[in-house]
Amino acid sequence: MSESENQLIEQATAARVRSVAPFSKFLVGAALQTDEGKVFTGCNVESASYGLTVCAERVAIWKALSEGERDFARLVIVADTEQLTPPCGTCRQIIWEFCKHATIVLANLHGQKEEVHIADLLPRAFDARFLREARQ
Ligand code: THU
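Keep in mind that what you see is a predicted model, and the values were worked out from it rather than measured.

Within strand E3 (residues 72–79), seven of the eight residues are buried, which leaves the element mostly enclosed by the surrounding structure. Sheet analysis places strand E1 (residues 28–34) next to E3, joined by seven bridges and oriented antiparallel. The partner of Thr34 across the bridge, within E3, is Phe72. Looking at chain direction, E3 and strand E4 (residues 103–107) are connected through five bridges and run parallel. Bridge assignment links Leu75 to a residue of E4, and that residue is Ile104.

Moving on, we come to the environment of Thr90. Tracing the backbone through its elements, the reader meets Thr90 in helix H3 (residues 89–98). In this structure, the C-alpha to C-alpha distance between Thr90 and Val54, residues 36 residues apart in sequence, is 9.7 Å.

In the neighbourhood of the ligand, the contacting residues comprise Ser24, Phe26, Val28, Asn44, Glu46, Thr53, Cys55, Ala56, Glu57, Pro86, Pro87 and Cys88. One of the side-chain nitrogen or oxygen atoms of Asn44 is found 2.9 Å away from an oxygen atom of the ligand. Here an oxygen atom of the ligand and a side-chain polar atom of Glu57 are 2.5 Å apart. For the ligand, the protein covers 80% of the area, taking 370 Å² as the surface of the free molecule. Residue composition of the shell around the ligand, by class: seven nonpolar, three polar and two charged.

Another aspect to go through is the pairing of E4. Of all five residues that make up E4, five are buried, and the element is covered over most of its length. Handedness of the crossover joining E3 and E4 through H3 is recorded here as right-handed. Strand direction decides the pairing type here: E4 and strand E5 (residues 113–116), joined by four bridges, are antiparallel. Within the sheet, the bridge partner assigned to Ile104 lies in E5 and is Val116. Connecting the antiparallel pair E4 and E5 is a turn made up of five residues, with Gly111 showing a positive phi of about 85°.

Judged by side-chain polarity, Phe126, Phe130 and Leu131 come together as a nonpolar surface patch covering roughly 330 Å² of accessible area. By relative accessible area, Phe130 is classed as partly exposed at 41%.

Further remarks concern the pattern of salt bridges. The final tally for this structure, using the stated rule, is four salt bridges. A salt bridge links Arg74 to Glu5; the nearest nitrogen and oxygen atoms lie 3.7 Å apart. Of this pair, Arg74 sits in strand E3 while Glu5 sits in helix H1 (residues 5–16), placing them 69 residues apart in sequence. Assessed through its relative accessible area of 14%, Glu5 is described here as buried. Residues Glu69 and Lys38 are paired through a salt bridge, measuring 3.1 Å at the closest nitrogen-oxygen approach. Separated by 31 residues along the polypeptide, Glu69 in the loop between helix H2 (56–66) and E3 and Lys38 in the loop between E1 and strand E2 (39–43) bring together distant segments of the chain. Assessed through its relative accessible area of 13%, Glu69 is described here as buried. Assessed through its relative accessible area of 45%, Lys38 is described here as partly exposed.

Reading guide: rules and limits
Residues numbered from 1 in each chain as written. Predicted model: local features only at pLDDT ≥ 70, side-chain atom pairs only at ≥ 80, totals over all residues. Heavy atoms only, no water. Buried < 20%, exposed > 50% of the residue type's maximum accessible area, 1.4 Å probe, protein only. Helix = DSSP H or I, 4+ residues; strand = E, 2+ residues; numbered from the N terminus. Pairing = 2+ DSSP bridges. Near = heavy atom within 4 Å. Polar contact = N/O pair within 3.5 Å; in protein donor to acceptor, adjacent residues only side chain to side chain. Areas by Shrake-Rupley, 256 points an atom, 1.4 Å probe, with all protein chains shown as cover. Nonpolar A, V, L, I, M, F, W, Y, C, P; charged D, E, K, R; others polar. Right-handed = clockwise from strand over helix to strand, strands pointing away. Patch = residues over 30% accessible without salt bridge, like charges linked within 9 Å, V, L, I, M, F, W, Y side chains within 5 Å. Salt bridge = Lys/Arg side-chain N within 4 Å of Asp/Glu carboxyl O.

Now the structure itself:
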């Protein structure tokens, strides 16, 4: 049985408290569900060399890809903000490339949630099609 949206939000919320965010103290959790219902969670992991920080979404995506998964149905992102936290620009690019068909669910700790789609968050995206099209 595949997880319901609320169960996925619970899993992302549980992942969020495992965040390693000593610098920003901004905790984010993610839960990525495959088409077959498997779930991979992620949290943000910060580095003292700030730019090496990895967002919760990408941690979940890297975990799933490295386990051989390729087809994703849903990506939940949970943060403790009134205005629901959307993925950053880097994550939008990665979501476009690897989770294009997934419904993205933004949620907070107060039960608010919203479904969005990557094509709306990242219009006119760059991807491998352009590399194939380039003249040699
Ligand atoms: N962060 C995420 O993990 N996901 C987002 O969607 C937005 C930002 C993290 C990165 C960094 O550890 C902290 O939040 C502050 O930017």
